[in-house]
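# Geometric and topological summary
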Amino acid sequence: MKEIINDFILKNLGVSIVIVVAIFIIVIYATIYLYKAYQITKNVKNLPCDENNKRINDLEKNNARNIELPCIENTKSITRIDTSLVYIDKSISGLITRMDKLQANAYTKSESPLKITEKGKEMIARLGLDAEIDKNWSRINKFIDENVEMKNAYDVNDFCLKQAVVFPNKFIGDDMLLKIKNDAYFNGLELVDYMKVVAVMCRDRFFEEHEIETIPLTRN
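Reference entry: report on the structure contained in this document. (Residues numbered from 1 in each chain as written. Predicted model: local features only at pLDDT ≥ 70, side-chain atom pairs only at ≥ 80, totals over all residues. Heavy atoms only, no water.)

## A closer look at the overall build of the chain
Looking only at helices and strands, the chain has eight helices and two strands in total. From first element to last, N terminus to C terminus, the chain shows the α and β order α-α-α-β-β-α-α-α-α-α. Counting the 220 residues in the chain, one finds 36% classified as buried. A sequence separation of at least 24 residues applies to 63% of the contacts in the chain between residues at least 6 apart. Accessible surface, the chain: about 14700 Å² in total, of which carbon and sulfur atoms supply 56%. (Helix = DSSP H or I, 4+ residues; strand = E, 2+ residues; numbered from the N terminus. Buried < 20%, exposed > 50% of the residue type's maximum accessible area, 1.4 Å probe, protein only. Contact = heavy atoms within 4.5 Å. Areas by Shrake-Rupley, 256 points an atom, 1.4 Å probe, with all protein chains shown as cover.)

## Quick look at the packing of aromatic side chains
Within this structure, the stated rule accounts for four aromatic pairs. With a centroid separation of 5.9 Å and 80 degrees between ring planes, the pair formed by phenylalanine 143 and phenylalanine 171 is classed as edge-to-face. Taken together, the positions of phenylalanine 143 in helix 5 (residues 129-147) and phenylalanine 171 in the loop between helix 6 (153-166) and helix 7 (174-187) put the pair 28 residues apart, joining distant regions of the chain. Accessibility assignment for this pair places phenylalanine 143 and phenylalanine 171 in one class, buried. Here the aromatic rings of tyrosine 185 and phenylalanine 186 are separated by 5.1 Å at their centres, their planes lie at 75 degrees, and the arrangement is edge-to-face. Phenylalanine 186 shares its class with tyrosine 185; the two are exposed. In textbook terms, an aromatic cluster arises when at least three aromatic residues are bridged by ring pairs, as seen for Phe143, Phe159 and Phe171. (Phe/Tyr/Trp six-rings, centres within 6.5 Å; stacked < 30°, edge-to-face > 60°.)

## Examining the environment of isoleucine 180
On the secondary structure map, isoleucine 180 appears in helix 7. The exposure class of isoleucine 180 is buried, given its relative accessible area of 0%. The spatial distance from the C-alpha of isoleucine 180 to the C-alpha of leucine 129 is 9.6 Å, given a sequence separation of 51 residues. The residues touching isoleucine 180, leaving out its near neighbours within four places in the chain, are Leu127, Leu129, Ile172, Leu191 and Tyr194.

## So, the side chain of arginine 203
One can find arginine 203 in helix 8 (residues 191-209). Judged by relative accessible area, arginine 203 falls into the buried class, the value being 3%. Contacts of arginine 203, omitting those with residues within four sequence positions, involve Pro113, Leu114, Val156, Asn157 and Cys160.

## With respect to the packing of helix 6 against helix 8
Contact geometry for helix 6 and helix 8: axes closest at 8 Å, N-to-C directions at 145 degrees. Crossing of helix 6 against helix 8: the hand is right-handed. Here Ala153, Val156, Asn157, Cys160, Leu161, Ala164 and Val165 of helix 6 come into contact with helix 8, specifically with Val192, Met195, Lys196, Ala199, Arg203, Phe206 and Phe207. (Axes fitted to C-alpha atoms, helices over the stretch in contact; angles between N-to-C directions. Left-handed = near helix turned anticlockwise from the far one by under 90°.)

Right, here's the structure in full:
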């Protein structure tokens, strides 16, 4: 009996360690980001707009979104914080679901930068995502261009990932979103898995059209 128990522990030790480490990293990342969000919100309260305190308090009490502050820059700051927190929530939920199934996202691989796998490319062809991005590219391009202040690889990548996961309709139409949800349901995947692919597609196309440098720097 003792040998059976020892054998079971050894066989599952690797998976257990990976899950524990992944959860630990997520908790640290979420804690750091929440602290930064708190600091930004705290700083906004000290800005010279008289109505900021009242609006921020309303936001904190009611957990409401889209409350406009009297200063446009303050409103944008709150919107960015809110979007980032929702992105973290969705990403953590998707990761927990995949841990439960002991499977990784088959459509993207976490390299630097995030890349689409062969299975991801097959999914793109199956659902017709290329045509969908082409159809909506004018508004997608404008959306990214108007909201990313510094046009560099990091900021564009960060913006596309967070916005696509939190606001799918800003990148694809309702019909495609329904098709993706049905495909996710029958394949046991999360919407996040598909929208990360959409984000990478839009990111790479924006890089190409705006000639944004993506070649890593080399040391002399």
